[in-house]
Structures are given as structure tokens and as C-alpha cells.
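Notes for the structure review
One letter stands for each residue in the lines below.
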Amino acid sequence: MAEPARRLDTIDVRPAWTADDLAAMEASYTGVPAPAMLALLLTGELKGRIAAVSSFGAESAVLLHMVASVDPDVPVVFTNTQKMFGETLAYRDELAERLGLTDLRVYRPDPRVLRLRDGTGLRWSYDPDGCCEQRKVEPLRRALVPFDAWISGRKGFQAGTRRALPRFEIDDGRLKINPLADWSKGDLDTYFAAHDLPRHPLEAQGYPSIGCAPCTSKVRPGEDPRAGRWRGWDKVECGIHQPAVGTDEPAF
Ligand code: SF4
């Protein structure tokens, strides 16, 4: 029997990225600084097929400045979990204006899902994995449908689970690029100063990594920058990012 017809816009026709593609990317861009690499990718084969994903957190301005310097029309995806700090939303608007971003795309959780599974809005307090799935992962999945590749601002120094972060990964069939994978905190500070970029207002108050308000606490001296995320839980990632290739530590 013939398969039932499917709507054309639900059929995934993205080209599949392969391990060979990753190896070729790594070889092509080894030793190429992040800004130059982004310039080549955004104006070359990935033009019109790629988005930047940003949480507008503590160091997001660096990656966004690099992207906007090449092409301010590159889509920038922001997932508003509706649990964000007010300071983050204000910083998002300030940065978007300052950098001239023309295509900021804000995605939110499906209100029907929230009504059914998080009616009290407190799911984060007893099931943070489920909360992240409905408030971050699913909206991002929707946001990325039109794209073959995306750019993430993760850095290897942020946590033990990110130490082996490569610059190129395959994630759910898409190419994921981590231009700042090998950047240090000092590199970021230098970039902030060189381009006179504004800081997230909570950074100076002891928050080097900033997510949703209920799941972000201050970090003590000597701790990993992400130690304040989901403090008290055996959880270090929101589920958006799978474990880095070469890492044997789980991402969740
Ligand atoms: S970080 Fe916390 S509040 Fe935000 S989506 Fe995840 S569990 Fe929910």
C-alpha cells in the first residue's frame, strides 16, 4: 500500500552532515581565528542557511558582535523561557540595538504544553529536565527548522563537561559551530574591552553564567563559572547541547 501523503513543508530535506564534513571543516579552519572563520562561513557556503543562537547571558556580546560585524542580518534566535531575569531581557534589547541586529527571533514555550504540564509554573523545582525540555529545548527545535547550521557561544573553560569542546559538531543533523570553543576568560575580557561592549548587569553581582532566574545562583571564588546553574541538582546542561565529541562525561 502506498504511504499516506505528507505535507511538503513537514518533509526534512536538509542535507545530512557527515563525520567527513566535520573533518574537512576542522582541517579548513585549523588556526583560523574565530572572527575570520565566522566571516568565511557566513559569507560563503552557509550564507542564508545559518542562525546564531544566544541566551544573551554573561559573555554573549562577544559572539553576537562577531556575527553582526560580518552581517547584522544573520538571524539570531533567543528562547524566552518566561523564567528569565528581567535584566537579561533588557540586556537583549540593549545589545540588539547596539549591534544593529535586524533579525532577532524570539521563541517561547508552547502555551498549551505549559498549561498541561506546568500549570503552577513550578516544574523547575521538582523536574528541571522536564522544565528545560518544554521551555528551552522544544522552542529551540522549532526555531532551527529553517536552518542547516547554527552557531553557539559555548566555551571550553566554562565547566568540566565542556573542556573537550570541538569547534564543529553535528547536532540533530545540523552543523553546530562553536567559534569560541578554545577561548579563555582573558580572551573574552580583551574582546569586550577592545570593542567597548556592555556587560550583562548581573555579571558584576557574582553571576558569571546566567540562565533562568530560579535556576541560577551566585558562584563562589574557585568554582566553575557554571557552578551556579541548577545548584543542588545533578544537572549541568539544559538539554540543548549534547556531550561534546571526545567527552565521556554526560551533558545532563
Ligand atoms: S533553567 Fe530552570 S526554569 Fe529554565 S527551563 Fe530549565 S529548569 Fe526551567
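Residues numbered from 1 in each chain as written. Predicted model: local features only at pLDDT ≥ 70, side-chain atom pairs only at ≥ 80, totals over all residues. Heavy atoms only, no water.

Assigned secondary structure in the protein consists of 8 helices and 6 strands. Taking the contacts inside the protein whose residues are at least 6 apart along the sequence as the reference set, 70% of them involve residues at least 24 apart. Of the accessible surface of the protein, which amounts to about 12400 Å², a share of 55% is contributed by carbon and sulfur atoms. (Helix = DSSP H or I, 4+ residues; strand = E, 2+ residues; numbered from the N terminus. Contact = heavy atoms within 4.5 Å. Areas by Shrake-Rupley, 256 points an atom, 1.4 Å probe, with all protein chains shown as cover.)

For the rest of this paragraph, the subject is the site of the ligand. Neighbouring the ligand are the residues Lys83, Trp124, Pro128, Cys131, Cys132, Arg135, Lys136, Cys212, Cys215 and Trp230. It is helix α7 (residues 128–143) that contributes the most residues to the shell around the ligand, 5 residues altogether. Residues of the shell around the ligand, tallied by class, amount to 7 nonpolar, no polar and 3 charged. (Near = heavy atom within 4 Å. Nonpolar A, V, L, I, M, F, W, Y, C, P; charged D, E, K, R; others polar.)

On to the nonpolar core. Formed by 42 residues in total, the largest nonpolar core has its most connected members in Phe168 and Leu175. Per-element accounting of this core gives the leading share, 7 residues, to helix α3 (residues 60–70). Those residues within four positions of phenylalanine 168 in sequence are excluded, and the remaining contacts are Leu22, Met25, Glu26, Tyr29, Met37, Leu41, Leu175, Lys176 and Ile177. Ranked by size, the runner-up nonpolar core spans 8 residues in total, among them Val53, Val77, Leu144 and Phe147. (Core = buried A, V, L, I, M, F, W, Y, C linked by side-chain atoms within 4.5 Å. Buried < 20%, exposed > 50% of the residue type's maximum accessible area, 1.4 Å probe, protein only.)

This part takes up the pairing of strand β6 (residues 174–177). Residue alternation in β6 divides its side chains into two sets, Arg174 and Lys176 and Leu175 and Ile177, and both sets are buried. The pairing of strand β4 (residues 149–151) with β6 spans 3 bridges and is parallel. Residue tryptophan 150 lies in a different strand from β6, and its bridge partner there is lysine 176. Alignment of strand β5 (residues 168–171) against β6, held across 4 bridges, turns out to be antiparallel. Bridge assignment links phenylalanine 168 to a residue of β6, and that residue is isoleucine 177. (Pairing = 2+ DSSP bridges.)

Running from N to C, helix α2 (residues 34–43) and α3 cross one another at 45 degrees; their axes reach a closest spacing of 9 Å. The angle between α2 and α3 places the two elements in the oblique class. For the element pair α2 and α3, the recorded crossing hand is right-handed. Packed against α2, whose contacting residues are Ala34, Pro35, Leu38, Ala39, Leu42 and Thr43, the element α3 presents Leu63, Met66, Val67 and Val70 at the interface. Taken together, the residues of the contact of α2 with α3 sort by class into 9 nonpolar, 1 polar and no charged. (Axes fitted to C-alpha atoms, helices over the stretch in contact; angles between N-to-C directions. Parallel < 35°, antiparallel > 145°, perpendicular 65-115°, else oblique. Left-handed = near helix turned anticlockwise from the far one by under 90°.)

The next subject is the confidence of the model for the protein. Confidence in the prediction for the protein averages 87 pLDDT; 86% of positions are at 70 or higher. A low-confidence stretch, residues 7–11 stays under pLDDT 50, and its non-local contacts, those more than four residues away or across chains, total 1 contact. Between residues 243–252, whose pLDDT stays under 50, and residues either more than four places distant or in other chains, the model counts 28 contacts. (pLDDT = per-residue confidence, 0-100.)

Now for the environment of glycine 100. Structurally, glycine 100 can be placed in the loop between α4 (86–99) and β3 (104–107). C-alpha separation for the pair glycine 100 and histidine 65, spaced 35 residues apart in sequence, amounts to 9.5 Å.

For any pair of aromatic rings, the description consists of the separation of the ring centres together with the inter-plane angle of the planes. Enumeration according to the criterion identifies 4 aromatic pairs in this entry. Judged by centre distance (5.9 Å) and plane angle (40 degrees), the rings of tyrosine 29 and phenylalanine 168 are tilted. Taken together, the positions of tyrosine 29 in helix α1 (residues 19–29) and phenylalanine 168 in strand β5 put the pair 139 residues apart, joining distant regions of the chain. Take tyrosine 29 and phenylalanine 168: they sit in the same class, and that class is buried. (Phe/Tyr/Trp six-rings, centres within 6.5 Å; stacked < 30°, edge-to-face > 60°.)

A few words on the pattern of salt bridges. Scanning the model with the defined rule gives 19 salt bridges in all. Arginine 135 is paired through a salt bridge with aspartate 118; the nearest N and O atoms lie 2.8 Å apart. Separated by 17 residues along the polypeptide, arginine 135 in helix α7 and aspartate 118 in the loop between α5 (111–117) and α6 (123–126) bring together distant segments of the chain. Among the salt bridges present, the one from arginine 199 reaches aspartate 189, with a minimum N-O distance of 3.0 Å. Taken as a pair, arginine 199 in the segment after α8 (185–194) and aspartate 189 in helix α8 lie far apart in primary sequence, 10 residues in all. For arginine 199, a relative accessible area of 33% corresponds to the partly exposed category. A single network of salt bridges, built from pairs that share partners, joins Arg154, Glu169, Asp171 and Lys176. (Salt bridge = Lys/Arg side-chain N within 4 Å of Asp/Glu carboxyl O.)

As a further point, take α2. The set of residues buried in α2 consists of Ala34, Met37, Leu38, Leu41 and Leu42. All buried residues of α2 fall inside an arc of 120 degrees around its axis, so they share one side. Along its buried surface, α2 packs onto α1, β1 (50–53), α3, β4, β5 and β6. (Arc of directions from axis to C-beta.)

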